[in-house]
Structure formats: C-alpha cells, structure tokens
Amino acid sequence: MPMSFLNDKSFSNKTISLVYRLQKSSIPSALSFKLIGAISGIWPIKELNDCPLLYHSSAVLCVDGQTELRIIVEDKRVIVYLTHKLSKHFISPNIAASIQECLTLTLEAVLTFYLSSIGKSYRIMNVSNLFQIEIGEICDRSPCVVSISKAVNASNWVCDKGIDHDTKCSRLWFFDKAQKECQSNCTGLDKTVLTKTPTDKHLARLAKQLSINKCKELVLYLGIEETEWEEIEYVHQKQPLIMKFMALKKKPFKSFNDLLKAQEDIKDGRHLLCKVFREDTDLVDIADVRLQDIPHDDVLNGLSKHLGNCAILLGIELGITITSIEETMTRHPRDMYLQNEDILKKWKSSKQVTPTIYRLMLAVERVYSGGLSYLTDIYLGQ
Ligand SMILES: [Zn+2]
Ligand SMILES: [Zn+2]
C-alpha cells in the first residue's frame, strides 16, 4: 500500500491506531487474507477511480462516508488505523469496538488453526497469549501505542518522542458497547466536535432520545415560536419521532455547542450528545460478504411495502438531503409506499457511497419500521 497518507499532517489528528504484536512466531502468510476477508464482509473495500484499494498484505476499507479503516499486515505485527474525515473525536465508539472485536476474534481463530496444523495442541494453550494488543495514536508517521491497561487507567501518556498523548480516543477500541449511559468520568464531547455543525443524522438521533415534552422545552428555549411548534405537531401528529426531528431542524444550529448550552440551560444534564455518536452494531454479527452487493430493484420495491410510515427518517439514515426528502414527500403526499420507494431509488442512484445491502440493513434497523426480516430472509435465508 502506498504510505503517502502518513505524510498528511492532519492524518494523525483524524486517526486512532491499534497494533497486534505477535510474541514468537511470525504471522502465517494466509493471515492477511483471512483478516482482510473477515473485515471486508462487514465493511467494503474502498475504491478509488473504480479500483479497489486492496494490496498484497494491506487494504483500505470504507466504514461509512466519513470513516475509513486501514489494515497493514507485517511480519510480526498487524497495524490498524481508523480515520474520520473531520477529526478522531468523531469516531463512533461502537464502530471502533466492533472492528477491534472482529479483528481479535479472527486473529485468534487463524492462529488456532495454524498452530493445530503444525501439530501444537491449541487446547492447552491460550491463543490470546500469543499476541499483545496495543492502542494509541500516530506519531512521526508510525503508530504510537501503549498497552490496553495503560490506556484505560491513565488519561494521558508521554511517549519517547516527548509527545503528550490523550488516551480518550484510543480507548474507543475497547468501548463497552453494552453500556447505555456514559461513565461517571465522561467529560462529554471534545472541543473539536463542539464547534462542528450537527448533521441531520445527529439531529434524528437526538430526537429519538428526547421525550416530546423535553423536545418542546428545548426548541422553545432555542427561540421557536409556540405557534411554529403547534404547526409541526399538527402536520406530523401521528409520528412523534419525525415531529421532534422537524422541530429541531426548524432552528438551524451552528454547532453542537449551541445544543449543549441549551440542554444545560433547561437543566437536562444527561449526556445525550455523547449517545448521538454511537452506532448500532448489532448487525455486525450477521455480516456476510453477500451483503456487500448492491440490492436489486425488485428487492427495493418489495422492501418499500414492508416498511411503515418512515420515509423521512429512512432518507436521513441513508444520507439523502432533507431538500430531496421533502421533494419526495411533496411528489407523493399521501402514499407512504411510493414515498419509501422513491427514497430507496434515490439512495441507490446516489454516487456518494456504494449502496450495499449491508448499509441498507443498517438504515432499516435504525428506523424501527419493519423490513429488516424481509431483507434477512432474502439475503441470508438459505
Ligand atoms: Zn508519540
Ligand atoms: Zn458522556
């Protein structure tokens, strides 16, 4: 893989790293294929000018439109870089943890198979003792990493280059996905994130966490008129989630800071904004290379009839702009099936990211309006 990405000075601000270091034996040559194969069943290999970025022992994968993963397999170590376009502070904790879990499991499985094939009994040895995991950042064009216990137990470390590294982002590799609320030592969103503008997806996820009353309190505090709230309530009366989203959308936020301030001022001290960055990763367990294909038009048409009244949210989760979603809603004002169908069509023809079945399943799962079992039956049925 060309390593020129390391020359970009901003790369280190956008990236966290993880290194598997093998104790004694070298990495079996088939390992790079197995590791890359396992992870590319979940996230597709990135393409540049129609050319997949897949090399002899490394690859670049596309986690979502903004997050990229690089795996480089060397003789005695595996280097993993996870990069968010804007900043490492935007990396979703659940995604980082899922990638780590998937790679660790695959590495263990491959080593077990390899050791048993050369006659060593894997039963008596604990495979995970054969490698060490270190996590960290990037320093001077290479991974600057420490042991997990060091990263978890300290808020920073100073490396041999004299650079002070914060452990907050590195710890994401071991984020506890089952944890619902933030830990007591959570300091909330980083300054870099607070200055950025929330996207529609962020607002939709925030809307999901607010009760109707809390949402009303928040938007009225932010300066929306009572009459405007009532209008939104009237238009979207049977869809509370969309109603809350539309109300939040009514008041354009310049930054996450505006939202945080308002939330503090109305005395809602929960870490709702931290949760906005979590991604659902339940589907990672069923990921399969078949899900990296592009869904057929017939399946999309069928799916639109298995979904409820969810075109707006579905569009947001699929990354369609709100103007384009509104255009769909105006074109098909009273037919939710046609709305869903139109949104799915727009998504499939958009060129931003490859419209894979897996991405579609993630979005469908997020909007909680049915349709997921329809897709799993079709694609994972036999
Ligand atoms: Zn360093
Ligand atoms: Zn928090």
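Cut-offs applied
All chains use their own residue numbering, which begins from 1 and follows the written sequence. All chains are assigned letters beginning with A, and all ligands numbers beginning with 1, in the order in which they are written. Where local features are concerned, this predicted model is filtered to residues with pLDDT of at least 70; where side-chain atom pairs are given and counted, the filter is 80 or more; whole-chain, interface and lining totals use all residues. As a rule here, side-chain values come from all non-hydrogen atoms in the structure, and water together with hydrogens is ignored. The donor set comprises N, O and S atoms within 2.8 Å of the metal, extended to 3.2 Å for Na, K and Ca; water molecules are omitted, so apparent gaps in a site may simply reflect that omission. Every angle between 85 and 135 degrees makes a four-donor site tetrahedral, while opposite donors more than 155 degrees apart, with all other angles between 65 and 115, make a four-donor site square planar and a six-donor site octahedral; other sites are irregular. In DSSP terms, a helix is any run of H or I states spanning at least four residues, a strand is any run of E spanning at least two, and both are numbered starting from the N terminus. Under the scheme applied here, a residue whose accessible area is under 20% of the maximum for its type counts as buried, over 50% as exposed, and between as partly exposed, the area being computed with a 1.4 Å probe on protein chains only. In this tally Asp and Glu are treated as negative and Lys and Arg as positive; neither His nor the chain ends contributes. By definition, a salt bridge exists where a carboxyl oxygen of Asp or Glu is found within 4 Å of a side-chain nitrogen of Lys or Arg. Distance and chemistry together define a polar contact, namely a pair of N or O atoms within 3.5 Å, with one atom able to donate a hydrogen and the other to accept it when in protein, and with adjacent residues in sequence counting only for side-chain atoms on both sides. Throughout, a contact is declared for two residues whenever any of their heavy atoms are within 4.5 Å. Domain delimitation in this document rests on an assignment produced automatically or drawn from a domain database. Reported buried area values correspond to the accessible surface (1.4 Å probe) lost by two parts on association, with both partners' losses combined. Axis definition: a line fitted to C-alpha atoms, over the contacting stretch in the case of helices. Angles run 0 to 180 degrees between N-to-C directions. Put simply, angles under 35 degrees are roughly parallel, angles over 145 are roughly antiparallel, angles from 65 to 115 are roughly perpendicular, and the rest are oblique. If you view the pair so one helix is near and one far, a crossing is left-handed when the near helix is turned anticlockwise from the far one by less than a right angle, and right-handed when it is turned clockwise. Just so you know the grouping, Ala, Val, Leu, Ile, Met, Phe, Trp, Tyr, Cys and Pro go in nonpolar, Asp, Glu, Lys and Arg go in charged, and all remaining residues, Gly too, go in polar. Aromatic rings from Phe, Tyr and Trp, with only the six-membered ring used for Trp, were paired whenever their centres fell within 6.5 Å, and each pair was classed as stacked if the ring planes differed by under 30 degrees, edge-to-face if by over 60, and tilted otherwise. Here, a charge over a ring means that NZ of Lys or CZ of Arg falls within 6 Å of the ring centre while also lying within 35 degrees of the ring normal. Residues belong to one nonpolar core when they are buried, are Ala, Val, Leu, Ile, Met, Phe, Trp, Tyr or Cys, and are joined through side-chain atoms within 4.5 Å. Pairing between two strands requires that DSSP report at least two bridges joining them.

1. Some points on the coordination of the zinc ion (ligand 1)
Listed as protein donors to the zinc ion (ligand 1) are C139 (SG), C144 (SG), C159 (SG) and H165 (NE2); their distances from the metal cover 2.1 to 2.4 Å. Angles of 98 to 124 degrees at the metal separate the 4 donor atoms of the zinc ion (ligand 1), which places the site in the tetrahedral class. Counting along the primary sequence, the residues that act as donors to the zinc ion (ligand 1) give the motif C-x4-C-x14-C-x5-H. Residue C139 is found in strand β7 (residues 131–139), and its partner C159 is found in the loop between β9 (156–158) and β10 (164–166); the two are separated by 20 residues along the sequence. Looking at C139, the relative accessible area reads 3%, which means it is buried. Here C159 falls in the buried class, since its relative accessible area comes to 10%.

2. Notes on the coordination of the zinc ion (ligand 2)
Within the first shell, the zinc ion (ligand 2) binds the protein through C182 (SG), C186 (SG), H271 (ND1) and C274 (SG), at distances of 2.0 to 2.4 Å. Of note is the zinc ion (ligand 2), whose 4 donor atoms meet at the metal with angles of 104 to 116 degrees in an arrangement that counts as tetrahedral. We classify C186 as partly exposed; its relative accessible area is 26%. Judged by relative accessible area, which is 30%, H271 ranks as partly exposed.

3. Regarding the side chain of S255
Mapped onto the fold, S255 is located in the loop between α9 (240–250) and α10 (256–265). Classification of S255 by relative accessible area gives buried; the value is 9%.

4. Regarding the side chain of R359
Along the chain, R359 falls in helix α16 (residues 357–367). Buried and unpaired, R359 has D64 as its nearest opposite-charge partner, separated by 6.2 Å. A polar contact is formed between the side chain of R359 and the backbone oxygen of V63, at a distance of 3.4 Å. Contacts of R359, omitting those with residues within four sequence positions, involve P44, C62, V63, D64, W347, V353 and T354.

5. A word on the domain arrangement of the protein
Often the size quoted for an interface is simply the accessible area lost on bringing the parts together. What the domain assignment lists for the protein is domain 1 (3–174), domain 2 (191–276) and domain 3 (282–380). On a C-alpha basis, the centroid separation for the pair domain 1 and domain 2 is 36 Å. At the interface, 4 residues of domain 1 touch 4 residues of domain 2. Summing both partners gives a buried area of about 370 Å² for domain 1 against domain 2, and 82% of it is carried by carbon and sulfur.

6. Observations concerning the packing of α16 against helix α17 (residues 372–380)
Following both chains from N to C, one finds α16 and α17 inclined at 155 degrees, their axes separated by 9 Å at the closest point. Considered as vectors, α16 and α17 are oriented roughly antiparallel to each other. Once α16 is placed against α17, the crossing between them reads as left-handed. Note on element contacts: α17 touches α16 through L372, L375, T376 and Y379, opposite I357, L360, M361, V364 and E365. Partitioning the contact of α16 with α17 into residue classes produces 7 nonpolar, 1 polar and 1 charged.

7. Quick notes on the packing of aromatic side chains
Aromatic rings in a pair are described by how distant their centres are and how their planes are angled relative to each other. Summed over the entire model, instances satisfying the criterion amount to 6 aromatic pairs. Ring centres of F5 and F11 lie 5.0 Å apart, and the angle between their planes is 65 degrees; on these two criteria the pair is classed as edge-to-face. Each member of the pair, F5 together with F11, is buried. Among the aromatic residues, those joined into a cluster by ring pairs are F5, F11 and Y81. Across from the ring centre of F5, 4.3 Å away, lies the NZ or CZ of R70, which sits over that ring.

8. Describing the nonpolar core
Counting residues in each nonpolar core, the largest one holds 102 residues, and the members touching the most others are I99 and L314. Among the elements that take part in this core, helix α3 (residues 93–117) stands out by supplying 8 residues, more than any other. Beyond its immediate stretch of four places on either side in the chain, L314 contacts L307, I343, L344, A363, V364 and V367.

9. So, the sheet that holds strand β8 (residues 142–147)
Pairing in this open sheet of 6 strands is antiparallel, and the strands run β4-β5-β6-β1-β7-β8 from one edge to the other. Edge positions in the open sheet fall to β4 (58–64) and β8, since each of these has one partner strand only. If you compare each strand with its neighbour and ignore which way they point, the axes differ by 25 degrees on average. Here β4 runs beside strand β5 (residues 67–73); their pairing, made up of 6 bridges, is antiparallel. In the strand pairing of β5, A59 is matched with I71. Here helix α2 (residues 31–40) sits on the sheet in contact with β4, β5 and β6 (77–84), set at roughly 165 degrees to β5.

10. Observations concerning unusual backbone geometry
You will see that D50, though not glycine, has its phi angle at about 65 degrees, which is positive. Following the sequence through the fold, D50 ends up in the loop between β2 (47–48) and β3 (51–52). The backbone phi angle of D140 is positive, close to 55 degrees, even though this residue is not glycine. Counting through the fold element by element, D140 comes out in the loop between β7 and β8. Assessed through its relative accessible area of 61%, D140 is described here as exposed.

11. Here we look at the environment of H296
For H296, the position within the fold is in the loop between α11 (272–276) and α12 (297–306). Residue classification places H296 among the partly exposed residues on the basis of a relative accessible area of 48%. Considered as a pair, H296 and K348 are 52 residues apart in the sequence and their alpha carbons are 9.5 Å apart. In contact with H296, other than residues within four places in its own chain, are K348 and Y379.

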